[in-house]
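A closer look at the structure
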There are 2 protein chains.
Amino acid sequence: MTSGDAVKPKAKYHHGDLRETLVQASYDLVAEHGAENFTLADACRLAGVSTAAPYKHFRDRDEVLGLIVKRGFDEMSSLSMAAVEKVGVGTLAGITAMGKAYVRFAVENQRVFRLMFGQHPVLKKEVGVVDEGMGCFSKVIEQVAIYCERNGVRGDPMTIAVRLWTFVHGASSLLIDQDYAAVAPDLDVEAMLEETTPLLLSGPLP
Amino acid sequence: MTSGDAVKPKAKYHHGDLRETLVQASYDLVAEHGAENFTLADACRLAGVSTAAPYKHFRDRDEVLGLIVKRGFDEMSSLSMAAVEKVGVGTLAGITAMGKAYVRFAVENQRVFRLMFGQHPVLKKEVGVVDEGMGCFSKVIEQVAIYCERNGVRGDPMTIAVRLWTFVHGASSLLIDQDYAAVAPDLDVEAMLEETTPLLLSGPLP
DNA sequence: AGGACGAAGTTAGTAACACTAACTTGTGAT
DNA sequence: ATCACAAGTTAGTGTTACTAACTTCGTCCT
């Protein structure tokens, strides 16, 4: 019409910004029911379009899942950085806070987390997924490097960062998969993180 | 034709011991192509029966997957115990060997491992799956308890065992999901385990 | 021996899904 | 205005999980 208001630049072509609508609907469906129960058909019903519509915007189901994974990494990066910046850059407490944020994200976004890690190896081939994950990890290395320098820790920051990541990731996985619940119901994961992070942050033993 | 040979005792009712045949075929298919690409129909084709046949033996697809998971835990338990008994019960080296066996199992049975942990929460409801997993873990606690007593480590063996499990599980997950490869291609996981296990086996810091 | 019975197969059919092909409709540039 | 094409549609294919109703064959009872 008249160029009166360009509120949304070019949000809609035909019926709406279907691409974004479908991605968001798919994210919500995966978050609620898990990727293994996700169907494009459901997303279409949510968006109110026919089941053939997605194929104007995405190659296939896997491309949609890949976009969901990217969103997940994005969110996780933000939360991690927010945590460490709030608590203290390059400090033990800050690094511990990053770990806690990782676990919290995993718990609060269980099903997306499961999709992000290991569910479908084929998703790693989706463009950008790997880079997004690397960006997320590189922030851990940064923090560890600062810590090591400040505290005179001998040992490669990279190696130590991998150790921390490994532990935090293991805790997240076992927690959301109910494996802790089956084996050690009383476990306090936060306490475990606080206890273990300083152990892992030390260099090789004398 | 003639009743010349009764080679297998009573291996077959009608056409064969279909239940076992299907479970084995399904295990092999999952091991090769992953659970997300597994179809009962494929297993039927392998076994040479119609696609309706499985339902005389199993409630549904999930029951078959549950049986595969149980087999996986069984195998993992055996390998862990074999490793620790070979290297040294209740020793640092023995416990490290258990961890290595865990990771090795994960690598060599990637797709079954993924099924065992987290892929389908619904599988935890299959009878026996949780018990099988607990049996596996309890062996780790045993070893840690012996080690702690012998070496005068203060701290709860259970807590320490959980820490070890967490780390080893995280390493397995990140390794088989190619996340290490993306972020730290040169990482030597065995070396990391050897370096980190003693750290985790110590009690709370002074 | 000879049925009866039931376990373990079969074929045939349903509903749902991913994806494709071929058609239609609306939009923006000219 | 019209034209081209992006973005929808309907209709159709092939595959799957699972069900229902039928068949076959071994076992046990007499």
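Residues numbered from 1 in each chain as written. Chains lettered and ligands numbered in written order. Predicted model: local features only at pLDDT ≥ 70, side-chain atom pairs only at ≥ 80, totals over all residues. Heavy atoms only, no water.

1. Section: the domain arrangement of chain A
All names here are of chain A. So the rule is basically this: Residue ranges for the domains originate in an automatic or database domain assignment. Any two residues whose heavy atoms approach within 4.5 Å are treated as being in contact. Buried area is a sum: the accessible area each of two parts loses on coming together, probed at 1.4 Å, counted once for each and added. Any carboxyl oxygen of Asp or Glu within 4 Å of a side-chain nitrogen of Lys or Arg constitutes a salt bridge here.
Domain boundaries in chain A define domain 1 (15-58) and domain 2 (70-200). Its C-alpha centre places domain 1 at a distance of 29 Å from the equivalent point of domain 2. Facing 11 residues of domain 1, the contacting portion of domain 2 comprises seven residues. Surface buried jointly by domain 1 and domain 2 totals about 720 Å² across both partners, of which 56% is contributed by carbon and sulfur atoms. In terms of surface lost to domain 2, no three residues of domain 1 exceed Tyr-27, Val-30 and Ala-35, which account for 54% of the buried area on that side. Viewed at the interface, domain 2 and domain 1 are joined by one salt bridge.

2. Some points on the pattern of salt bridges
So the rule is basically this: Helix numbers and strand numbers start at the N terminus; a helix is a DSSP run of H or I with at least 4 residues, a strand a run of E with at least 2. With a 1.4 Å probe rolled over the protein chains alone, any residue whose accessible area is under 20% of its type maximum counts as buried; one over 50% counts as exposed, and the rest are partly exposed.
The full count for this structure, using the stated rule, is 15 salt bridges over all chains. Across the pair Glu-195 of chain B and Arg-163 of chain A runs a salt bridge whose closest N-O atoms are separated by 3.1 Å. Of this pair, Glu-195 of chain B sits in helix α9 (residues 189-200) while Arg-163 of chain A is found in helix α7 (residues 157-176), placing the two residues in two different chains. Using a relative accessible area of 36% as the deciding quantity, one classes Glu-195 of chain B as partly exposed.

3. Quick word on the protein's contact with DNA strand C
Definition in use: Here a residue is considered near a molecule or strand provided that any single heavy atom belonging to it is located within 4 Å of it. Under this definition, polar contacts are N or O atom pairs within 3.5 Å; protein pairs additionally need one hydrogen-donor-capable and one acceptor-capable atom, and for neighbouring residues in sequence, both atoms have to be side-chain atoms. As a working rule, the residues Ala, Val, Leu, Ile, Met, Phe, Trp, Tyr, Cys and Pro are called nonpolar, Asp, Glu, Lys and Arg charged, and the rest polar, with Gly in that last group.
Looking at DNA strand C, there are 21 residues lining it, with Tyr-55 and Arg-61 of chain A together with Ser-50, Lys-56 and His-57 of chain B nearest. Sugar and phosphate atoms form 67% of the subset of DNA strand C atoms that lie within 4 Å of the protein. Take Tyr-55 of chain A: an N or O atom from its side chain is 3.2 Å from a phosphate oxygen of DNA strand C. With respect to DNA strand C, the side chain of Lys-56 of chain B contributes an N or O atom lying 2.9 Å from a base oxygen. At three residues, the largest contribution of residues to the surface near DNA strand C is made by helix α2 (residues 40-47) of chain A. Partitioning the surface near DNA strand C into residue classes produces 10 nonpolar, six polar and five charged.

4. As for the relation of the copies chain B and chain A
Which entries qualify depends on this criterion: Copy-to-copy superposition: least squares on the C-alpha atoms, limited to residues that have pLDDT of at least 70 in both copies.
The transform that puts chain B on chain A rotates by 180 degrees and translates by 0.0 Å along the axis, for an RMSD of 0.1 Å. Accordingly, the operation relating the two chain copies is best matched by a two-fold axis. By C-alpha distance to the rotation axis, the residue of chain B lying nearest is Gly-170 of chain B, at 1.8 Å. Take the interface residues of chain B: 100% of them recur as interface residues in chain A, which is what a same-surface contact looks like.

5. Focus: α2 of chain A
All names here are of chain A. Rule in force here: Within this analysis, the arc is defined by the directions that extend from the helix axis to the C-beta atoms.
What α2 keeps buried is the set Leu-40, Ala-43 and Cys-44. Looking straight down α2, one finds that the buried residues subtend no more than 100 degrees of arc, so they occupy a single side. Of the exposed residues in α2, the ones pointing more than 90 degrees away from its buried face are Arg-45 and Leu-46. The inward-facing, buried residues of α2 abut α1 (18-33) and α3 (61-87).

6. A word on the protein's contact with DNA strand D
Among the 21 residues in the neighbourhood of DNA strand D, the closest are listed as Ser-50, Lys-56 and His-57 of chain A together with Tyr-55 and Arg-61 of chain B. The sugar-phosphate share of atoms of DNA strand D within 4 Å of the protein amounts to 69%. For DNA strand D, a phosphate oxygen lies 2.9 Å from a polar atom in the side chain of His-57 of chain A. Ala-41 of chain B is positioned such that a nitrogen or oxygen atom in its backbone is 3.3 Å from a phosphate oxygen of DNA strand D.

7. As for unusual backbone geometry
Positive phi values are uncommon outside glycine, yet Gln-178 of chain A reaches one of about 70 degrees. Structurally, the position occupied by Gln-178 of chain A is in the loop between α7 and α8 (179-183).

8. Let's talk about the interface of chain B and chain A
How big an interface is tends to be stated in terms of accessible area lost as the parts join. On the chain A side, the residues contacting the 39 residues of chain B number 39 residues. In total, chain B and chain A occlude about 3,500 Å² of area from one another, counting both sides; carbon and sulfur atoms represent 73% of this. On the chain B side of the contact with chain A, Thr-166, Val-183 and Leu-199 of chain B bury the most area, a combined 17% of that side's loss. At the junction of chain B and chain A, the tally comes to two salt bridges. At the surface where chain B touches chain A, the tally comes to four residue pairs in polar contact (both at pLDDT 80 or more). A total of 12 residues in the side of chain B that touches chain A trace back to one element, the largest contributor, which is helix α7 (residues 157-176) of chain B.

9. Thoughts on the environment of His-33 of chain A
Residue and element names in this part refer to chain A. Tracing the backbone shows His-33 in helix α1. The exposure class assigned to His-33 is partly exposed, which follows from its relative accessible area of 41%. In this structure the C-alpha to C-alpha distance between His-33 and Arg-111, which are 78 residues apart in sequence, comes to 7.4 Å.

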